[in-house]
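Inside the fold
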Amino acid sequence: MTKPTIAARQPAEVTLEAGKTYFWCSCGLSLNQPFCDGAHAGSGFSPVRFTAQNTDTYYLCQCKLTDESPLCDGAHKVFGQTWDGT
Ligand code: FES
């Protein structure tokens, strides 16, 4: 697998706890988006480990095109333009 699978075309709004470690799904195959469930095995992708700095609402990327993983950077907006996501 050379490209990640698009799990959704918008970010996931999640509440994260300060100091807690999370694993963001980078392959798009997890059934527990936006978090890793181990489905990346054999895909060549690895989850992104991160620790929340504050207890707050975060918008985590689900299109897997962000350059600021695990956060949405607006890259999903390409779907509203010309790219069909394949
Ligand atoms: S959901 Fe991927 S950049 Fe917004």
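In this report, the structure presented in the accompanying data block is examined. Please read all numbers here as calculations on a predicted model, not as lab measurements. (Residues numbered from 1 in each chain as written. Predicted model: local features only at pLDDT ≥ 70, side-chain atom pairs only at ≥ 80, totals over all residues. Heavy atoms only, no water.)

1. Brief notes about the environment of Thr 21
Note the following rule: Elements are defined by DSSP. Helices are runs of H or I of four residues or more, strands are runs of E of two residues or more, and each kind is numbered from the N terminus. Only protein chains enter the accessibility calculation, which uses a 1.4 Å probe; a residue is then buried when its area is under 20% of its type maximum, exposed when over 50%, and partly exposed in between. In protein, a polar contact requires one atom able to donate a hydrogen and another able to accept it; more generally it is a pair of N or O atoms within 3.5 Å, and residues adjacent in sequence count only if both atoms are side-chain atoms.
With respect to the element layout, Thr 21 can be found in strand S2 (residues 21–24). When its relative accessible area of 29% is taken as the criterion, Thr 21 is described as partly exposed. Placed 33 residues apart in sequence, Thr 21 and Asn 54 show a C-alpha to C-alpha distance of 12 Å. Side-chain polar atoms of Thr 21 contact the side chain of Thr 51, separated by 3.1 Å.

2. Observations concerning the nonpolar core
Short version of the rule: Take the buried residues of types Ala, Val, Leu, Ile, Met, Phe, Trp, Tyr and Cys, join any two whose side-chain atoms come within 4.5 Å, and each joined set is a nonpolar core. Residues are treated as being in contact if the distance between any of their heavy atoms lies within 4.5 Å.
Ranked by size, the top nonpolar core spans 13 residues in total, and within it Val 14, Leu 16, Tyr 22, Phe 35, Phe 50, Tyr 58 and Leu 60 carry the most contacts. For this core, the element with the most residues is strand S1 (residues 12–16), which contributes 3 residues. If we ignore the near neighbours within four places in the chain, the residues touching Leu 60 are Pro 11, Ala 12, Val 14, Trp 24, Pro 34, Phe 35, Phe 50, Pro 70, Leu 71 and Cys 72.

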